[in-house]
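# Fold and geometry: a report
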Amino acid sequence: MFYYLLKYVLLGPLLRLVFRPRIEGLAHVPSSGAAIVAGNHLSFSDHFLMPAVLKRRITFLAKAEYFTGPGLKGRLTAFFFHSAGQIPVDRSGKEAGQAAIREGLGVLSKGELLGIYPEGTRSHDGRLYKGKVGVAVMALKAGVPVVPCAMIGTFEAQPPGRKIPRIHPVVIRFGEPLDFSRYQGMENEKAVLRAITDEIMYAILSLSEQEYVDRYAADVKAEEEKRKAEERRRAPRMPLR
């Protein structure tokens, strides 16, 4: 399978050689059975570095834009992401969250590892943002543990907008699995879902030691883009000569 060719022959060895990631707590990832690995998301490189160090195959939910690019480049990118174990999820519209949950539960029902970034998008400034409750819904409906994971140093290696990563020390840290069986059957209780998600985010925060922002990353990004656009609109124009 192409996934294992990438992991053990083509991409994995190169990533381990270039980044030389230090792995901590790998024994916390179950050796068999379904589980969710929930991590912070700092860089495009996260999609590939974590699978490269795990002993098991992991499937991530990825934004659909990676699979719908035009032309030959778009088709090659889609093939690569499919081969790397990524599942496309449309993040727009009212049904986006439900679609992600359905896809995630499908992975877990096969006894596999599911990778998810509860923040919903990459951090644009290196801080950790409020998690979305989809991870809690999947954990309760599937009855699986959640393993918190912190990617450290990937923001500095490849911040948003940088296509070629720079060499920078990277640490991938896994925490003890979180058991939410005490909440079984309460996946429709909003307060319970929020409490579970916050517990997961706190575990990630404890591992990553990032600054935490109690807001959704997408909202903060949108506000900053709007502010920058307004500043450009108000900037004085140079007179034509």
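Here, every reference points to the structure presented above.
What comes next concerns the included structure. (Residues numbered from 1 in each chain as written. Predicted model: local features only at pLDDT ≥ 70, side-chain atom pairs only at ≥ 80, totals over all residues. Heavy atoms only, no water.)

Our next topic: unusual backbone geometry. With phi around 60°, Glu209 is a residue other than glycine that occupies positive phi space. Taking relative accessible area as the criterion, Glu209 reaches 66% and is therefore assigned exposed. (Buried < 20%, exposed > 50% of the residue type's maximum accessible area, 1.4 Å probe, protein only.)

A separate point is the environment of Ile172. By the element assignment, Ile172 lies in strand β8 (residues 171-174). The residues touching Ile172, leaving out its near neighbours within four places in the chain, are Pro21, Arg22, Ile23, Glu24, Leu49, Met50, Val53, Cys149, Ala150 and Met151. (Helix = DSSP H or I, 4+ residues; strand = E, 2+ residues; numbered from the N terminus. Contact = heavy atoms within 4.5 Å.)

In regular strands, side chains alternate between the two faces of the sheet. Judged by how many residues are buried, strand β3 (residues 58-63) sits mostly within the fold: 5 of 6 residues are covered. Where β3 meets strand β5 (residues 113-116), 3 bridges bridge the pair, whose relative direction is parallel. For Thr59, the partnering residue across the bridge sits in β5 and is Leu114. (Pairing = 2+ DSSP bridges.)

This paragraph deals with the sheet that holds β3. The sheet built from 7 strands is open, its strands ordered β1-β8-β7-β2-β5-β3-β4 with mixed pairing. The open sheet is flanked by β1 (22-24) and β4 (86-89), the only strands paired with a single partner. Sheet twist, expressed as the mean angle between neighbouring strand axes with direction ignored, is 25°. Contacts between helix α3 (residues 46-53) and the sheet are confined to β1, β2 (35-39), β3, β4, β7 (146-152) and β8, with β3 contributing the most and set at about 175° to the helix. Set on the sheet, helix α6 (residues 134-142) makes contact with β2, β3, β5 and β7; between it and β2 the angle comes to about 165°. (Axes fitted to C-alpha atoms, helices over the stretch in contact; angles between N-to-C directions.)

Another aspect to go through is the packing of α6 against helix α8 (residues 190-208). At a closest axis distance of 8 Å, the pairing of α6 and α8 adopts a crossing angle of 105°. Here α6 lies roughly perpendicular to α8, going by the angle between them. Of α8, the residues touching α6 (which contributes Val135, Ala136, Val137 and Leu140) are Val192, Leu193, Ile196, Thr197 and Ile200. Classifying every residue of the contact of α6 with α8 by side-chain character gives 8 nonpolar, 1 polar and no charged. (Parallel < 35°, antiparallel > 145°, perpendicular 65-115°, else oblique. Nonpolar A, V, L, I, M, F, W, Y, C, P; charged D, E, K, R; others polar.)

Here the structure, examined in full by the defined rule, presents 10 salt bridges. Among the ionic pairs, Glu24 bridges to Arg22, the shortest N-O distance being 2.9 Å. Put simply, Arg182 and Glu199 hold a salt bridge, and the shortest N to O gap is 3.1 Å. Separated by 17 residues along the polypeptide, Arg182 in the loop between β8 and α8 and Glu199 in helix α8 bring together distant segments of the chain. When salt bridges with common partners are traced through the structure, they connect Arg22, Glu24 and Arg173 into a single cluster. (Salt bridge = Lys/Arg side-chain N within 4 Å of Asp/Glu carboxyl O.)

With 19 residues, α8 extends 27 Å from end C-alpha to end C-alpha; this agrees with the ideal 27 Å at 1.5 Å per step. Residues of α8 that are buried: Val192, Leu193, Arg194, Ile196, Thr197, Ile200, Met201, Ala203, Ile204, Leu205, Leu207 and Ser208. Where α8 is buried, its residues contact β2, β6 (128-129), α6, β7, β8 and β9 (212-213). (Expected span 1.5 Å × (residues − 1).)

The next point concerns the packing of aromatic side chains. One pass over the full model with this rule turns up 2 aromatic pairs. A ring pair is formed by Phe44 and Phe48, whose centres lie 5.5 Å apart and whose planes are at 65°; its orientation type is edge-to-face. Owing to a relative accessible area of 13%, Phe48 belongs among the buried residues under this scheme. With a centroid separation of 5.4 Å and an interplanar angle of 20°, the aromatic rings of Phe60 and Tyr117 are classed as stacked. Of this pair, Phe60 sits in strand β3 while Tyr117 is found in the loop between β5 and β6, placing the two residues 57 residues apart along the sequence. Comparing Phe60 with Tyr117, the two get one shared label, buried. (Phe/Tyr/Trp six-rings, centres within 6.5 Å; stacked < 30°, edge-to-face > 60°.)

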